[in-house]
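# Tertiary structure, described
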Amino acid sequence: MVAIDSSSIILMAKAGILDKIIKNLREKLTITNKVYIETTKKEVFDAQIIKKRVEEKAIQKKEIKNSKLFSKIKSDFNLGEGEAEAIVFCLENKTGLITDDKKAMNACRLLRIRFTTAPNLLIRLYKRNSITKTEASMYLDKLEKFGRYAKRILQNAREELK
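Residues numbered from 1 in each chain as written. Predicted model: local features only at pLDDT ≥ 70, side-chain atom pairs only at ≥ 80, totals over all residues. Heavy atoms only, no water.

## Some thoughts on the overall build of the chain
Definition in use: Put simply, DSSP marks the helices as runs of H or I at least four residues long and the strands as runs of E at least two long, and each gets a number from the N terminus on. The reference for a compact globule is 2.2 Å times residues^0.38; the radius of gyration itself is calculated from the C-alpha atoms. Relative accessibility under 20% of the residue-type maximum defines a buried residue, over 50% an exposed one, and the middle range a partly exposed one, all with a 1.4 Å probe and only protein chains included. Contact criterion: two residues are considered in contact whenever any of their non-hydrogen atoms come within 4.5 Å of each other.
Of the regular secondary structure elements, the chain holds ten helices and five strands. Its C-alpha atoms give the chain a radius of gyration of 15 Å, within 12% of the compact-globule value 15 Å for 162 residues. Along the first, second and third principal axes, the C-alpha atoms of the chain reach 45 × 35 × 25 Å. Residues classed as buried in the chain amount to 46% of the 162 residues present. Within the chain, contacts between residues separated by at least 24 positions form 65% of all contacts whose residues are at least 6 apart in sequence.

See the structure below:
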């Protein structure tokens, strides 16, 4: 299994790549309770997609065990609840994280949690021939529209498509 935090699952749903990611991941996509609450509380399209995929069991929802560790990680790294809970889940289950949150990435580096981002997953789909170059480029445009990426991250992803 691989965990995903709030920012990334929302981005993927908005960009229309969540189902492609679910279908092509070798591991089961997992969200925590706080990520589920954060991502489904509004009645918007991306929230409805996430809620439906959880109901269909395409995405599994899990709880963390250590609430003290959650509070410490949230405070130490100044993270949102969903990101902090996802990181605790990764530590408890020795799994990786999909995140596009800079603070969460920094926490992963310090805590030695393997992580990736939505643009990296997109490039991986392209390299595995799961999506075409045109599709990858279109999805990158959507990630750029909805996300808050440093220019170099998207430039690197576009270079990978050449």
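## Let's talk about the side chain of Asp100
What counts here: Residues scored as positive are Lys and Arg, those scored as negative are Asp and Glu, and His as well as the terminal groups of each chain are ignored. Take a side-chain nitrogen of Lys or Arg and a carboxyl oxygen of Asp or Glu: if they are within 4 Å of each other, that pair is a salt bridge. Throughout this description, a polar contact denotes any pair of N or O atoms lying within 3.5 Å of each other; where both atoms belong to protein, one of them has to be capable of donating a hydrogen while the other can accept it, and for residues adjacent in sequence the pair is counted only when both atoms sit in side chains.
Relative to the helices and strands, Asp100 is located in the loop between strand 4 (97-98) and helix 7 (102-111). Here Asp100 occupies a buried position and makes no salt bridge, while the nearest side chain of opposite charge, Arg109, is found at 11 Å. At a separation of 2.5 Å, a polar atom in the side chain of Asp100 contacts the side chain of Ser8. Polar contacts involving the side chain of Asp100 include one to the side chain of Tyr149, which spans 2.8 Å. Setting aside residues up to four positions removed in sequence, Asp100 forms contacts with Asp5, Ser7, Ser8, Leu11, Met105, Thr117, Ala118, Pro119 and Tyr149.

## A short note on unusual backbone geometry
Peptide bonds are, in most cases, trans, and in most cases residues other than glycine have a negative phi. Its identity as a non-glycine residue notwithstanding, Asn78 has a phi of 55 degrees, on the positive side. Relative to the helices and strands, Asn78 is located in the loop between helix 5 (67-77) and helix 6 (81-93). What makes Asn78 exposed here is its relative accessible area of 53%. In this structure, Arg112 is a non-glycine residue whose phi angle is positive, near 60 degrees.

## Some words on the packing of aromatic side chains
The line we're drawing: Note on ring pairs: Phe, Tyr and Trp rings are taken, using the six-membered ring of Trp, and paired if centres are within 6.5 Å. Classes follow the plane angle, with under 30 degrees stacked, over 60 edge-to-face and the rest tilted. Either the NZ atom of lysine or the CZ atom of arginine qualifies as a charge over a ring when it sits within 6 Å of the ring centre and within 35 degrees of the ring normal.
This structure, assessed with the given rule, holds zero aromatic pairs. Positioned above the aromatic ring of Tyr36, the side-chain terminus of Lys61 is 4.3 Å from the ring centre.

## Brief notes about the nonpolar core
This is how the line gets drawn: Working definition of a nonpolar core: buried Ala, Val, Leu, Ile, Met, Phe, Trp, Tyr and Cys residues. They are joined through side-chain atoms within 4.5 Å.
Counting residues in each nonpolar core, the largest one holds 52 residues, and the members touching the most others are Met12, Leu18, Leu29, Ile87 and Leu143. Among the elements that make up this core, the one with the highest residue count is helix 6 (six residues). Not counting residues within four places of it along the chain, the set of residues in contact with Leu18 comprises Ile9, Met12, Ala13, Leu29, Ile49, Ile50 and Ile59.

## Comments concerning the environment of Cys90
Mapped onto the elements, Cys90 comes out in helix 6. For Cys90, a relative accessible area of 2% puts it in the buried group. Taking the C-alpha atoms as reference points, Cys90 and Val2, separated by 88 residues in sequence, lie 8.0 Å from one another. Once you skip the residues sitting within four places of it in the chain, Cys90 turns out to touch Ala3, Thr95, Gly96, Leu97 and Ile113.

## Structural notes on the pattern of salt bridges
Opposite charge on two side chains permits pairing when their charged atoms draw close. Taken as a whole, this structure holds twelve salt bridges when the rule is applied. A single network of salt bridges, built from pairs that share partners, joins Asp19, Lys52, Arg53 and Glu56.

## Describing the environment of Leu161
Summarising the element assignment, Leu161 is placed in the segment after helix 10 (151-160). Distance from Leu161 to Lys41, taken between C-alpha atoms, is 35 Å for residues 120 residues apart in sequence. Contacts of Leu161, omitting those with residues within four sequence positions, involve Ile123, Tyr126, Lys133, Ala136, Ser137 and Leu140.

These figures capture arrangement, not role.
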